[in-house]
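Fold and contact review
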Amino acid sequence: EDKVVQSPLSLVVHEGDTVTLNCSYEVTNFRSLLWYKQEKKAPTFLFMLTSSGIEKKSGRLSSILDKKELFSILNITATQTGDSAVYLCGSLENYGGSQGNLIFGKGTKLSVKP
Amino acid sequence: EPEVTQTPSHQVTQMGQEVILRCVPISNHLYFYWYRQILGQKVEFLVSFYNNEISEKSEIFDDQFSVERPDGSNFTLKIRSTKLEDSAMYFCASRREAASFRSPLHFGNGTRLTVT
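From a predicted model like this one, the values you see are computed outputs, not experimental measurements.

**Remarks on the overall build of chain B**
A count of helical and extended segments in chain B gives zero helices and 11 strands. Mapped in sequence order, the helices and strands of chain B form the string β-β-β-β-β-β-β-β-β-β-β. Over its C-alpha trace chain B gives a radius of gyration of 13 Å, about what one expects of a compact globule, namely 13 Å for 116 residues. Expressed along its principal axes, the backbone C-alpha trace of chain B runs to roughly 40 × 30 × 25 Å. Intrachain contacts of chain B at a sequence separation of at least 6 include 54% that bridge at least 24 residues. As displayed, chain B has an accessible area near 5900 Å², and 44% of this comes from carbon and sulfur atoms. Taken as two groups, the 12 positive and 14 negative side-chain charges of chain B have centres that lie 3 Å from each other.

**What about the interface of chain A and chain B?**
Between chain A and chain B, the contact holds 25 residues from the first and 23 residues from the second. Taken together, chain A and chain B are joined by zero salt bridges. Put simply, chain A and chain B have three residue pairs in polar contact (both at pLDDT 80 or more) between them. For the side of chain A that touches chain B, the secondary-structure elements that each account for two or more residues are strand S4 (30–38), strand S5 (43–49), strand S9 (85–93) and strand S10 (101–104) of chain A. Here the side of chain A that touches chain B gets five residues from one element, more than from any other, and that element is S4(A). Residue classes in the side of chain A that touches chain B are distributed as 12 nonpolar, nine polar and four charged.

**Notes on the pattern of salt bridges**
Per the counting criterion, the structure on display carries three salt bridges over all chains. Its salt-bridge partner being Lys37(A), residue Glu39(A) comes within 4.0 Å of it at the nearest N-O pair. For Glu39(A), a relative accessible area of 49% corresponds to the partly exposed category. We note a salt bridge from Glu44(B) to Arg36(B), for which the minimum N-O separation is 3.2 Å. Residue classification places Arg36(B) among the buried residues on the basis of a relative accessible area of 10%.

**A closer look at unusual backbone geometry**
A cis amide bond, omega -10°, links Ser7(A) with the succeeding residue Pro8(A). Of note, the amide linkage connecting Thr7(B) to Pro8(B) takes the cis form, showing an omega dihedral of -10°. By the secondary structure assignment, Pro8(B) is in the loop between strand S1 (5–7) and strand S2 (10–13). Phi is positive for Ala78(A), close to 45°, though the residue is something other than glycine. For Ala78(A), a relative accessible area of 38% gives the class partly exposed. Non-glycine residue Asn52(B) carries a positive phi angle of around 65°. Taking relative accessible area as the criterion, Asn52(B) reaches 58% and is therefore assigned exposed.

**A word on the side chain of Asp86(B)**
Residue and element names in this part refer to chain B. Topologically, Asp86 is positioned in the loop between strand S8 (75–79) and strand S9 (88–96). A polar contact is formed between the side chain of Asp86 and the backbone nitrogen of Lys83, at a distance of 2.8 Å. Apart from residues lying up to four places away in sequence, Asp86 is in contact with Arg36, Phe65, Ile79, Ser81, Leu113 and Val115.

Criteria and thresholds
- Counting from 1, residues in each chain are numbered in the order their sequence is written.
- Both sets of labels track the order of writing: A upward for chains, 1 upward for ligands.
- Per-residue local features of the predicted model are confined to residues with pLDDT of at least 70, and side-chain atom pairs are confined, for both listing and counting, to 80 or more; whole-chain, interface and lining totals are unaffected and use all residues.
- The side-chain numbers reported here are obtained from all heavy atoms of the structure, hydrogens and water having been left aside.
- Secondary structure counts use DSSP, requiring at least four H or I residues in a row for a helix and at least two E residues in a row for a strand, with both numbered from the N terminus.
- Values of the radius of gyration come from C-alpha atoms, whereas the globule rule sets the reference at 2.2 Å times the count of residues to the power 0.38.
- Here, residues are in contact when the closest pair of their heavy atoms is within 4.5 Å.
- The protein chains shown are the only cover counted for residues, whose accessible areas, like all others here, come from Shrake-Rupley with a 1.4 Å probe.
- Counting rule applied: Lys, Arg positive; Asp, Glu negative; His and chain ends not counted.
- The atoms used to mark charge sites are NZ of Lys, CZ of Arg, CG of Asp and CD of Glu.
- Basic side-chain nitrogens of Lys or Arg form a salt bridge, by our definition, when they fall within 4 Å of a carboxyl oxygen of Asp or Glu.
- Identification of polar contacts relies on pairs of N or O atoms within 3.5 Å, with a donor-acceptor requirement for protein atoms, meaning one able to donate a hydrogen and the other able to accept it, and with residues adjacent in sequence counted only if both atoms are side-chain atoms.
- Here the term charged refers only to Asp, Glu, Lys and Arg, the term nonpolar to Ala, Val, Leu, Ile, Met, Phe, Trp, Tyr, Cys and Pro, and the term polar to all other amino acids, Gly among them.
- Residue exposure (1.4 Å probe, protein chains only): buried if accessible area is under 20% of the type maximum, exposed if over 50%, otherwise partly exposed.

Here's what the structure looks like:
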């Protein structure tokens, strides 16, 4: 059973469009929610969210967490072809004194057409 | 900017052979991880490592797998007797030494393992 569920699984838009990617999670001992962008190889870090309702922003990307409803969204405005990638959402959970493990969803594959 | 480096980038091996995947985490990071991604599937947690011992491991990380930090810089994943289903991209990740959960995991570029 998936603990982290992302939607949609794939999305095709045109340059200039705004997109919203969704991530819901159901984990015990939740600590943080993380967004990564995966192009060809390594997932690269975008955002880490620990508090509800506080938007994190980086250029055209922004993200927010709702700990009551257990979801997060990633927004990308004025999309560019370089935004084409798989966007991974991960929930960082820990048990007792452990260092915490990052559990990923299946990802949303975003394709931005020129 | 410091980064996690992994070698080799691609490893081809025959079924039943042992492989060692190598990683150099970011210096001064103390928490280390291995993940794998089978083609077309999600990134899956394998094992976490801290203070020279395994912290947690997933069901995937069975007796065929082992991890080691043989010196102050390398972090290795060994698969003793590879199976066809071990073919995947293996990612190493590290996290800052802080004990809080405000530090993200930083991933290497991965080693693509192909078992024939």
